[in-house]
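# Geometric and topological summary
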Amino acid sequence: MSLELGITTFVENTPDAITGKLLSPEIRFKNLLEEVELAEQVGLDVFGIGEHHRPDFLASAPSVILAAAAARTITIRLCSAVSVLSSDDPVRVYQDFATLDLLSNGRAEIIAGRGSFTESFPLFGNNFEHYNELFEEKLKLLLQVRDAEKVTWKGKFRSPIENRGVYPRSMQQPLPVWVGVGGSPESVHRAASLGLPMTVAIIGGEPKAFVSLIDYYRSTSESMGNEDKNIRLCINSHGYVAENPSNARDEFYPYYQQVMSKIGMERGWPPMSRAQYDSLCSPKGAVVVGSAQEVVDKILYEYQLFKMDRFLIQFSVGTLPHSKMMKAIELFGDKVAPAVKKAIASM
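Okay, so let's go over this structure. (Residues numbered from 1 in each chain as written. Predicted model: local features only at pLDDT ≥ 70, side-chain atom pairs only at ≥ 80, totals over all residues. Heavy atoms only, no water.)

Looking now at the overall build of the protein. For the protein, the count of helices and strands is eleven helices and twelve strands. Taking 2.2 N^0.38 as the reference for a compact globule, 347 residues should give roughly 20 Å; the C-alpha atoms of the protein span a radius of gyration of 19 Å, in line with that estimate. Expressed as lengths along the three principal axes of its C-alpha atoms, the size of the protein is roughly 60 × 45 × 40 Å. The buried share of the protein, reckoned over its 347 residues, is 54%. At a minimum sequence separation of 6, the contacts of the protein that also span at least 24 residues come to 72%. (Helix = DSSP H or I, 4+ residues; strand = E, 2+ residues; numbered from the N terminus. Rg over C-alpha atoms; globule rule 2.2 N^0.38 Å. Buried < 20%, exposed > 50% of the residue type's maximum accessible area, 1.4 Å probe, protein only. Contact = heavy atoms within 4.5 Å.)

Right, here's the structure in full:
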């Protein structure tokens, strides 16, 4: 038994919640690449970059950013987290990540999702009313392109393809494709029915609420005869690690509160309160914040619930000072990851 550990980000660029300072995009990207390099140096397994099309996020082209990271790393796996496949062209997504796979010597992965924001739909000429249908059709096309060099295909939302080759081909065969889900049984069933590994974002409430959903994924996968190697689970969570628990919670709160309250305002939710935040940070809450030992304990608690294969943590919910981000990555790699892996190996 083993567990891969890593970091995800949307390369948010928000004003510092304490000083109000906003970094230039070029400085934020410079900092990001230093974060990826450090993640590899401290032995983490995965670095994921998600896709958004909003002014407060810089990652509208994850494959481009990951290619820059590939040139500065050797071993760490590089994935999207997620690629908003519903509003993109699956042929182009495959080409981008096949290219990344070649540049990184076989370290690329795609996490395909429907997207938690709507901006990309009108931007690329898609109707949000077709949210589910777009993803269903485009995911199937992505898998067909991944699995065959020559493609003949016809669907509802894209012009047909008649015996066309798609190049370059990825180094990994097949190029790993995960399905990212937020918690709907329909999304879980889709991942299982297609024989794909699944990534679940747990960013609110209590993780134990997701146990039945994950049991459903595994039982459905097994009933469909999927190979064990494809029945893989990744848990994505918000979090932060610092030298001691009070520092961790206090340091992370202003940045987390700023971003979650802004999103909440857009969606008609009340602002995030300190009491809500502290509840989320409690031993059985969804946000993984604390000292290295507290973060170890929380990941092991979730491992007992889910027996996941991968755990990815998003430190950059708001733009933390770069020095604090680097320290969090260092602690996560040097203290948290070895302790978690040692504990799991002995189970």
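Text resumes after the structure shown.
This paragraph deals with the environment of Thr 152. Considering the arrangement of structural elements, one finds Thr 152 in strand E6 (residues 150–153). Along the sequence, Thr 152 and Arg 107 sit 45 residues apart, while their C-alpha atoms lie 28 Å from each other. Within the structure, the side chain of Thr 152 is placed 2.9 Å from the backbone nitrogen of Asn 163, a separation counted as a polar contact. (Polar contact = N/O pair within 3.5 Å; in protein donor to acceptor, adjacent residues only side chain to side chain.)

Looking now at the nonpolar core. If you look at the biggest cluster of nonpolar residues, it comprises 100 residues, and the most contacted ones within it are Leu 44, Leu 139, Ile 299, Phe 311, Phe 315 and Phe 332. Ranked by residues supplied to this core, first place goes to helix H11 (residues 322–345) with nine residues. Not counting the four nearest positions on each side in its chain, Phe 315 is found in contact with Ile 7, Thr 8, Gly 239, Tyr 240, Val 241, Phe 252, Leu 320, Met 325, Ala 328, Ile 329 and Phe 332. (Core = buried A, V, L, I, M, F, W, Y, C linked by side-chain atoms within 4.5 Å.)

With that out of the way, let us pick up the pattern of salt bridges. Counting across every chain of the model gives 26 salt bridges. For the salt bridge of Arg 54 with Glu 119, the shortest nitrogen-to-oxygen distance reads 2.8 Å. One end of the pair, Arg 54, is in the loop between strand E2 (46–49) and helix H2 (62–70); the other, Glu 119, is in the loop between strand E5 (108–113) and helix H4 (120–123), and 65 residues separate them in sequence. With a relative accessible area of 29%, Glu 119 lands in the partly exposed category. (Salt bridge = Lys/Arg side-chain N within 4 Å of Asp/Glu carboxyl O.)

For the pair helix H1 (residues 25–41) and H11, interaxial distance at closest approach is 9 Å and the crossing angle is 15°. With respect to each other, H1 and H11 are oriented roughly parallel. Crossing of H1 against H11: the hand is right-handed. For the pair H1 and H11, contact is made by Asn 31, Glu 34, Glu 35, Leu 38 and Ala 39 and by His 322, Met 325, Met 326, Ile 329 and Glu 330, respectively. Partitioned by chemical class, the residues of the contact of H1 with H11 number five nonpolar, two polar and three charged. (Axes fitted to C-alpha atoms, helices over the stretch in contact; angles between N-to-C directions. Parallel < 35°, antiparallel > 145°, perpendicular 65-115°, else oblique. Left-handed = near helix turned anticlockwise from the far one by under 90°. Nonpolar A, V, L, I, M, F, W, Y, C, P; charged D, E, K, R; others polar.)

Further remarks concern the layout of surface pockets. Here the largest pocket defines a volume of roughly 1,100 Å³. Contributing to the lining of the largest pocket are 45 residues, with Phe 10, Ser 116, Ala 201, Ile 203 and Arg 267 lying nearest its centre. Examining the composition of the lining of the largest pocket, we find that six residues originate from one element, helix H8 (residues 245–267), more than from any other. There is about 300 Å³ of room inside the second largest pocket. (1 Å grid on protein atoms, 1.4 Å probe; cavity = no way out; pocket = protein on both sides within 12 Å on 5 of 7 lines; lining within 4 Å. Points joined across faces, edges and corners; volume = space filled by probe spheres on them.)

A separate point is the packing of aromatic side chains. According to the stated counting rule, one finds eight aromatic pairs in the structure shown. When the ring of Tyr 240 is compared with that of Phe 315, the centres are 6.5 Å apart and the planes differ by 90°; the resulting orientation is edge-to-face. Remark: Phe 315 occurs in the loop between strand E12 (310–314) and H11 and Tyr 240 occurs in strand E10 (residues 233–242); sequence separation between them is 75 residues. Ring geometry for Tyr 256 against Tyr 277: centres 5.7 Å apart, planes inclined by 45°, an arrangement best described as tilted. Of this pair, Tyr 256 sits in helix H8 while Tyr 277 is found in helix H9 (residues 274–280), placing the two residues 21 residues apart along the sequence. In this pair, the class of Tyr 256 matches that of Tyr 277, namely buried. Aromatic rings pair up to connect Tyr 240, Phe 252, Tyr 253, Tyr 256, Tyr 277, Phe 315 and Phe 332 into one cluster. The side chain of Arg 54 reaches across the aromatic face of Phe 117, ending 4.2 Å from its centre. Directly above the ring of Phe 117 sits Arg 267, whose terminal nitrogen or CZ lies 4.8 Å from the centroid. (Phe/Tyr/Trp six-rings, centres within 6.5 Å; stacked < 30°, edge-to-face > 60°. Lys NZ or Arg CZ within 6 Å of the ring centre and 35° of its normal.)

The end-to-end C-alpha distance of H1 is 24 Å, a good match for the 24 Å that 17 residues give at a rise of 1.5 Å each. Taken together, the buried positions of H1 are Arg 28, Asn 31, Leu 32, Leu 33, Glu 35, Val 36, Leu 38, Ala 39 and Glu 40. On its buried face, H1 sits against strand E1 (4–9), E2, H2 and H11. Directly beyond the C-terminal end of H1, a positive phi value near 90° is found at Gly 43. (Expected span 1.5 Å × (residues − 1).)

Moving on: the packing of helix H3 (residues 90–103) against helix H5 (residues 131–147). It is the contact of H3 with H5, at a shortest axis distance of 8 Å, that shows an interaxial angle of 45°. Put simply, H3 runs oblique to H5. Crossing angle aside, the handedness with which H3 passes H5 is right-handed. Facing H3, whose interface residues are Pro 90, Val 91, Val 93 and Tyr 94, H5 presents Lys 138, Leu 141, Leu 142, Val 145 and Arg 146.

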